[in-house]
Structure formats: C-alpha cells, structure tokens
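# Notes for the structure review
So the chains spell out like this:
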Amino acid sequence: MRKPFIAGNWKMNKDSAGSVELAAGLAKELKDVDSVDVAVCPPFVYLQAVSNAVSGSPVKVGAQNMYFEANGAFTGEISTDMLKDVGCTYVICGHSERRHVIGETDELVNKKVKAAIESGLLPILAVGELLEEREADKTNDVVKTQVTKGLEGVSADDILKVTIAYEPVWAIGTGKTATPDQAQDVHAMIRGLIAELYSQDVADKIRIQYGGSAKPANTAELMAQPDVDGLLVGGASLKVEDFSKMIKTV
Ligand code: PEP
C-alpha cells in the first residue's frame, strides 16, 4: 500500500558534466519504472541542469538542503521558491551531515520542514543516532526526539507530504549497513510514534526510508522489512548502474 521511494543523495560530488551524465543515464535506464518513486538530489548548482536532463522521465529532483525564509538578506542560503524554480519536487531536511558537521538543530530542521511543506516541496526528514548513542542504548530516545521536534506544528493534513529517512549516523558512508533487523526495529518504532502523534491511518501511510551504506547487494533484504518503504542512498547513487540496479531490485 505504500509505494517505495528511493532517493539518491549526491552530497558534494560530481561536476557539471558528471551530474548531467549521471542524470541522463538514470533517466534512460529508469524510463519505464512506475512502481517506485525515484529522486536524485544533486548539489544546488547543478539542480537546473539535472532537472533538464531527467525531464519527461520518472526521475524527480530534490535538493539536499534549503533555508526556511522566503527571501531577503540571508547570504549564501537558498529558498524553497528558488528550488521549485529549478525543478525540485523534494528537499532533504536535517541530513546527519547538516546536523553534525554544520550544526543544525532540531528547531532549525523543523522550520525547514514546515517551510518546505508550505511552499509545496515534499520534505525528506532525516533522523538517526550516533554510534555512541546506539552503544548507550539511546537510539529510540534520540530518534523519537528528532522525529517529534522535526514534525512539530506539521498538521494531520500535511504530514503525508513528509517522508522520514532513518539514517543511523554510524552507517552513513562507512560501509557498515544496519542489519535488516536493526533497521526494522527503528522503523517500527517510528511508525508507532507517528500513530501516537497523528493516527494509525497516517502511520500506515507514511513512508520511512532507510539510509546508511545501502547498495545493490543489500537492497532486497532491507526492502523486505515490513516497515522499510524505501532508501536514501549516498555513495551507491553516484553510478547509473548501481542506483538503477537498486531501483529495479524493488
Ligand atoms: C546518505 O548520504 O544519506 C547516505 C545514506 O550515504 P551512504 O549511502 O553513502 O551511506
């Protein structure tokens, strides 16, 4: 009942020609895919070129970040209208690298989620625990706080515009994937939390992606988990062959 959703986060990789080559390759390879929602999230400066390259294909475009204000004196920031103007459908809010490298707080992430929804973009709210938090048995507390604060003020009418991405920080870019059971446990906990915050109906419908060293070899077993509805993919989204293989596995 939940349509799988696989998104590629290119992070700070590729150049202009490489972005277009990857986007065009995916558009061609995935032209007939309709059972999975697919998005790619290139760096800001290549969004327009990537939008052009995937135009007319099932591949949608997302941004890796945004600012919550509409316009004005916010040097270096990018607004939701600008993202829509260059063809974005989605935007990632609260990726762990934004939280832990750049220092974004739950409050800032929440403002971004709400501004994204208001503008008509579909936010992907990324959450996940650090290794030391998992080792201290704090995974559920950390993720619950990030989800609850990230969604504060998001109404029942809007909540299904949000995708939640569970990305254990210790699994991102490390080659260490969460086991399917570890992913399922946290996904089920998040779905239960959404039922408490909204309703069982909303919880049954909201999509929860897993992210953290997902690749072609582990896609099937992750996607076989009942509460894993998709993937947010970093490294493996940088090659046409790998990313399209993952999508065709689903
Ligand atoms: C990510 O950037 O969201 C991610 C999950 O990266 P990787 O797949 O490389 O671990």
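Placed above this text is the structure.
This report concerns the structure included in the present document. No experiment lies behind these values; they were computed from the predicted model shown.

Turning to the packing of aromatic side chains, a few remarks are in order. If you walk through the whole model with that rule in mind, you get 4 aromatic pairs. By way of ring pairs, the aromatic residues Tyr67, Phe68 and Phe74 are connected into one cluster.

It is the contact of helix α10 (residues 216-223) with helix α11 (residues 240-249), at a shortest axis distance of 9 Å, that shows an interaxial angle of 25°. The pairing of α10 with α11 is recorded here as roughly parallel in orientation. Here α10 and α11 pass one another in a crossing that is right-handed. Taking contact as the criterion, the partners of Pro216, Thr219 and Ala220 in α10 are, on α11, Asp242, Lys245, Met246 and Thr249. Each residue belonging to the contact of α10 with α11 can be placed in one class, and the counts come to 3 nonpolar, 2 polar and 2 charged.

Residue placement: Gln64 occurs in the loop between β3 (59-63) and α3 (80-85). Counting along the chain gives 41 residues from Gln64 to Thr105, while the straight-line C-alpha distance between them is 16 Å. In terms of polar contacts, Gln64 uses its side chain to reach the backbone carbonyl oxygen of Cys41, at 2.9 Å.

This part is about the nonpolar core. In this structure, Val147, Leu151, Ile164, Ile190, Ile194, Tyr210 and Leu231 are the most contacted members of the largest nonpolar core, which totals 65 residues. Among the elements that make up this core, the one with the highest residue count is helix α8 (residues 180-197) (7 residues). Contact partners of Leu151, with chain neighbours within four places excluded, come to Asn110, Leu125, Ile159, Val162, Ile164, Ile194 and Tyr198. In terms of nonpolar packing, the next biggest core, distinct from the first, is built from 10 residues, Tyr90, Ala126, Ala165 and Leu232 among them.

Once that is clear, we can look at the pairing of strand β2 (residues 37-41). Every other side chain in a regular strand lies on the same face of the sheet, so the side chains alternate between the two faces. Most of β2 is tucked away: 5 of the 5 residues are buried. The side-chain alternation of β2 yields two buried faces, one formed by Asp37, Ala39 and Cys41 and the other by Val38 and Val40. For strand β1 (residues 5-9) and β2, the ladder comprises 5 bridges, and the chain directions are parallel. Note that in β2 the partner of Ala7 across the bridge is Ala39. This β-α-β element, β1 to helix α1 (residues 16-29) to β2, shows right-handed connectivity. Pairing between β2 and β3: 3 bridges, direction parallel. Bridge pairing in β3 places Ala39 opposite Lys60. With helix α2 (residues 47-54) bridging β2 and its parallel neighbour β3, the resulting β-α-β unit is right-handed.

Close contacts around the ligand come from 14 residues, with Lys11, Glu167, Gly173, Ser213 and Gly234 the closest. One of the side-chain nitrogen or oxygen atoms of Lys11 is found 2.7 Å away from an oxygen atom of the ligand. Note that an oxygen atom of the ligand is positioned 2.7 Å from one of the backbone N or O atoms of Ser213. Contact with the protein chains covers 96% of the free accessible surface of the ligand, which is 290 Å². For the ligand, the cavity whose grid points lie within 2 Å of the majority of its atoms is the second largest pocket. Classifying every residue of the shell around the ligand gives 4 nonpolar, 8 polar and 2 charged.

Procedures and definitions
- Residues numbered from 1 in each chain as written.
- Predicted model: local features only at pLDDT ≥ 70, side-chain atom pairs only at ≥ 80, totals over all residues.
- Heavy atoms only, no water.
- Phe/Tyr/Trp six-rings, centres within 6.5 Å; stacked < 30°, edge-to-face > 60°.
- Axes fitted to C-alpha atoms, helices over the stretch in contact; angles between N-to-C directions.
- Helix = DSSP H or I, 4+ residues; strand = E, 2+ residues; numbered from the N terminus.
- Parallel < 35°, antiparallel > 145°, perpendicular 65-115°, else oblique.
- Left-handed = near helix turned anticlockwise from the far one by under 90°.
- Contact = heavy atoms within 4.5 Å.
- Nonpolar A, V, L, I, M, F, W, Y, C, P; charged D, E, K, R; others polar.
- Polar contact = N/O pair within 3.5 Å; in protein donor to acceptor, adjacent residues only side chain to side chain.
- Core = buried A, V, L, I, M, F, W, Y, C linked by side-chain atoms within 4.5 Å.
- Buried < 20%, exposed > 50% of the residue type's maximum accessible area, 1.4 Å probe, protein only.
- Pairing = 2+ DSSP bridges.
- Right-handed = clockwise from strand over helix to strand, strands pointing away.
- Near = heavy atom within 4 Å.
- Areas by Shrake-Rupley, 256 points an atom, 1.4 Å probe, with all protein chains shown as cover.
- 1 Å grid on protein atoms, 1.4 Å probe; cavity = no way out; pocket = protein on both sides within 12 Å on 5 of 7 lines; lining within 4 Å.
- Sits in = over half its atoms within 2 Å of the grid points.

Function cannot be inferred from these measures alone, as they are strictly geometric.
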